[in-house]
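# Breakdown of the fold
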There are 2 protein chains.
Amino acid sequence: MTDTEIIKASQAICDALSAEEDGLKRDVLGHLGNTWSLLIIQMLGVNGKLRFSRLQEQVKGISQKMLTKSLRDLERDGLITRTMFLEVPPRVEYELTELGRGLLIQILPLWTWVLDQSDDFKMARSVFDEKAKKPIVI
Amino acid sequence: MTDTEIIKASQAICDALSAEEDGLKRDVLGHLGNTWSLLIIQMLGVNGKLRFSRLQEQVKGISQKMLTKSLRDLERDGLITRTMFLEVPPRVEYELTELGRGLLIQILPLWTWVLDQSDDFKMARSVFDEKAKKPIVI
DNA sequence: CAGGATCCGCTCTGATACTG
DNA sequence: CAGTATCAGAGCGGATCCTG
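Residues numbered from 1 in each chain as written. Chains lettered and ligands numbered in written order. Predicted model: local features only at pLDDT ≥ 70, side-chain atom pairs only at ≥ 80, totals over all residues. Heavy atoms only, no water.

### Remarks on the protein's contact with DNA strand D
- Taken together, 20 residues sit near DNA strand D, with S53, Q64, R82 and Y94 of chain A together with K65 of chain B positioned nearest.
- Each atom of DNA strand D within 4 Å of the protein belongs either to a base or to sugar and phosphate, the latter forming 57%.
- Every element with two or more residues in the surface near DNA strand D is listed here: α4 (52-58), α5 (64-76) and β3 (91-96) of chain A together with α5 (64-76) of chain B.
- It is α5 of chain A that contributes the most residues to the surface near DNA strand D, 4 residues altogether.
- For the surface near DNA strand D, the residue count by class is 8 nonpolar, 5 polar and 7 charged. (Near = heavy atom within 4 Å. Helix = DSSP H or I, 4+ residues; strand = E, 2+ residues; numbered from the N terminus. Nonpolar A, V, L, I, M, F, W, Y, C, P; charged D, E, K, R; others polar.)

Below, the structure is given as structure tokens:
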């Protein structure tokens, strides 16, 4: 199967998606593009259960508001679970679901790929800077 | 290699990324999360070269402004090429680069995976709706 | 034809202060 | 401890009008 055939086959899959399934696809992609979602997923993947404050320590730079929001979104989409313990002081633990682990596993190869292509990316960027001064015209 | 080992190994890779490489990773993820980028990449993957107006037709619902912006971003990151022909009327053709095709190929398995998990996603969502009324507490 | 320029509402994000 | 509430700024995204 050539690349082109793979691409066309995959387009066929996408075209066949129901509106609901397409929404799921967008949700997943939304998490991938999100600044924090993937970092949180990875932290939970590596560490297992984590409390709110541990997460905020480990995901460097995240604000409390965005951590709360990201966790809610991840929970809504079934990628993590949230367990609240009625104690004083309060305790809440977050953990990846099977779905969340699955997504993480799916994504990991991409990072290796990006690393492999990093020279190409850098070159593309510098070429673009060149073109900004002298556009390519035929 | 267990899932956990894979995850930890990948974290090691990410930790080893230089600031520059980490920026590239974020750029790539940004494209994945973008509403239009992936659609454009897929259209170009399936159709090969496409003109601006053909793209706007095929990527349903995109505005002229966002198409322009998305194409610029994709070009800057080396995923597509832009070729302008000095004619009257003007003509511009967009096409995937090798890098762009590579990214598309990397992403495609994810869509199959999402489809496979779609029942799990739906169930997670409905469980979350339940919890909104009656939070799970221990 | 392929966009650039402008206006405008909306969401995302951070900072700060407060609460059960 | 684990959030909620509020304010403010930046950027997204669409609609419209204009140009080489």
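### So, the packing of aromatic side chains
- On inspection of all chains with the given rule, the structure shows 2 aromatic pairs over all chains.
- Pairing W113 of chain A with F121 of chain A gives two aromatic rings, centres 6.1 Å apart and planes at 90°, and the pair type is edge-to-face.
- When the ring centre of F85 of chain B is taken as reference, the NZ or CZ atom of R91 of chain B above it lies at 4.0 Å. (Phe/Tyr/Trp six-rings, centres within 6.5 Å; stacked < 30°, edge-to-face > 60°. Lys NZ or Arg CZ within 6 Å of the ring centre and 35° of its normal.)

### A closer look at the sheet that holds strand β3 (residues 91-96) of chain B
Residues and elements named next belong to chain B.
- Taken in spatial order, the 3 strands of this open sheet run β1-β3-β2, and their pairing is antiparallel. If you trace the sheet from one side to the other, it starts and ends with β1 (50-51) and β2 (80-85), each paired once.
- As paired elements, β1 and β3 share 2 bridges and run antiparallel to each other. Each bridged residue has a counterpart across the sheet, and for R51 the counterpart in β3 is E93.
- Strand contacts of helix α3 (residues 37-47): β1, β2 and β3, with the helix running at about 90° to β3, the strand carrying the most contacts. (Pairing = 2+ DSSP bridges. Contact = heavy atoms within 4.5 Å. Axes fitted to C-alpha atoms, helices over the stretch in contact; angles between N-to-C directions.)

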